[in-house]
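# Observations on chain architecture
The residues making up each chain are set out below.
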Amino acid sequence: MRGCSHCLAHESRLGCIAIVQKKMKLSPTVQDAAAVAPLSTAPAPRFQNFVFIDVLRAFAAILVVVYHTIEHSAWKEFPAYGFWQVFQIGWIGVDLFLVISGFVIAYSAINELEKSKDGFRRRFFIRRLARIAPLYFLTLAVFIFLVNPEMLSVPLQSALWHIGSHSLFIHNLHPQTFGSINGANWSVGLEMQFYVFMICVMPWLYRRSPYLVLALIPLAIAWRFGSTLLAPYGVSSVHVQHVWTAQLPGTLDEFAVGIFLAMLVKSRHPWARRLLSPGWPAFLGWAAATTLMIWLALAIFIPHSSYWDHAHMVTYWRSLLGLAFGCLLASAITFPAARLAVFRPLRYLGEISY
């Protein structure tokens, strides 16, 4: 024991292990275990908590709620000028949600994979299901029994068609079930399908270049272009057009922007860390890019605000909007004053939103 104490005082831990192995003539199996021991005590990768993203999520939720209030109540007196004009197109809050979701889910998946690849799919899906399912099924029950009780009086086959598709998170795939119980919940089906997509591709993707994920952008554009052929303006209703374009392949560009940022944050490239580490220079740069991109998106949208009767808008514009919201998300990631108490109510609203 006296010799080992002297070794620990003057040699490295690995040197001590080597000396003890030599003196005790350990078997190869024991030697291998001793050699691996230092690796098992290595600290796990640090998980960063980007608290200002919750503020963005809260803003997206407010956009969607106010927009639906304006539309469903025919609120003619609501201001349609300046900053307030954004609520007239508050449905873009869903697009912001998708970009945020791409980042949060990819970042969480990479952290899970860095902990252990074994059982990743099961762990990841259980966590996401626990986050989404309880409130989702509660709202379904509330709508069926209190808001939309006529669902209980329809023929059994029809009731099973609607309730079953919602229970399996596939209600967004068909025009008849798309939001038939609770209109706002169509996006929850899309989210669950995105989780399954990430479970399938992330173990392969996370060791590769972040730029590879950007290939999803032309895929989404191609899908939306195809939707303008399958559900053309003047032949199909806006509802059917929306159903087709809002399928997972048609929204992968916005998810991809978030995934790309998450992979950059997790990368070891110094330039990526400089661009996406909290600090005023990085934040001001991303804020300027956000301003420019959102201005460009709105400048294109306003002359074509009818949207669905412009095939080029349906095909391309959402990709531009996704890139603009990607800049906004990068601004939230780099904002150095995110923990100020003034933002606490919005952070809480963002935490309970999905």
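Keep in mind it's a predicted model, so treat the numbers as computed, not measured.

Non-glycine residue Phe-169 carries a positive phi angle of around 60°. On the secondary structure map, Phe-169 appears in the loop between helix H7 (156-167) and helix H8 (186-205). One non-glycine residue with positive phi stands out, namely Tyr-307, at about 60°. Residue position: Tyr-307 is located in the loop between helix H13 (280-301) and helix H14 (311-334). Residue classification places Tyr-307 among the buried positions, given a relative accessible area of 4%.

Moving on, we get to the pattern of salt bridges. Opposite charge on two side chains allows them to pair when their charged atoms are near. Taken as a whole and assessed by the stated rule, the structure comprises six salt bridges. Glu-114 is the partner of Lys-266 in a salt bridge, and the nearest nitrogen-oxygen pair spans 3.1 Å. Of the two residues, Lys-266 is situated in helix H11 (residues 248-266) and Glu-114 in helix H5 (residues 92-115); the sequence distance between them amounts to 152 residues. Within the structure, one salt-bridge network assembled from shared partners comprises Glu-112, Arg-123 and Arg-127.

Judged by nonpolar contacts, the single largest core of 93 residues is most densely connected at Phe-103, Met-202, Trp-317 and Leu-329. Elements that contribute at least two residues to this core include exactly helix H4 (52-72), H5, helix H6 (120-147), H8, H11, helix H12 (270-276), H13 and H14. Considering every element that reaches this core, the biggest residue donor is H5, with 14 residues. Those residues in contact with Leu-329, other than ones at most four positions away along the chain, are Ile-53, Leu-56, Val-99, Ile-100, Phe-103, Gly-258 and Leu-261.

We now examine the side chain of Ser-267. Within the secondary structure, Ser-267 is located in the loop between H11 and H12. Taking the relative accessible area as the measure of exposure, Ser-267 reaches 10% and is therefore buried. In contact with Ser-267, other than residues within four places in its own chain, are Ala-272 and Arg-273.

This prediction gives the chain a mean pLDDT of 87; 86% of its residues lie at or above 70. Considering only residues more than four positions removed or in separate chains, one finds that residues 1-45, a stretch of pLDDT under 50, has 16 contacts.

With that settled, consider H13. Taking 1.5 Å per residue as the helical rise, H13 with its 22 residues ought to reach 32 Å, and the 31 Å between its terminal C-alpha atoms agrees with that figure. Tucked into the core, H13 has its buried residues touching H12 and H14.

A grouping of Leu-135, Leu-138, Val-142, Phe-145, Leu-146, Val-147 and Leu-152 is seen on the molecular surface, where their side chains present a nonpolar patch of about 690 Å² in accessible area. By secondary structure assignment, the location of Leu-138 is in helix H6.

Criteria and cut-off values
- Residues numbered from 1 in each chain as written.
- Predicted model: local features only at pLDDT ≥ 70, side-chain atom pairs only at ≥ 80, totals over all residues.
- Heavy atoms only, no water.
- Helix = DSSP H or I, 4+ residues; strand = E, 2+ residues; numbered from the N terminus.
- Buried < 20%, exposed > 50% of the residue type's maximum accessible area, 1.4 Å probe, protein only.
- Salt bridge = Lys/Arg side-chain N within 4 Å of Asp/Glu carboxyl O.
- Core = buried A, V, L, I, M, F, W, Y, C linked by side-chain atoms within 4.5 Å.
- Contact = heavy atoms within 4.5 Å.
- pLDDT = per-residue confidence, 0-100.
- Expected span 1.5 Å × (residues − 1).
- Patch = residues over 30% accessible without salt bridge, like charges linked within 9 Å, V, L, I, M, F, W, Y side chains within 5 Å.
- Areas by Shrake-Rupley, 256 points an atom, 1.4 Å probe, with all protein chains shown as cover.

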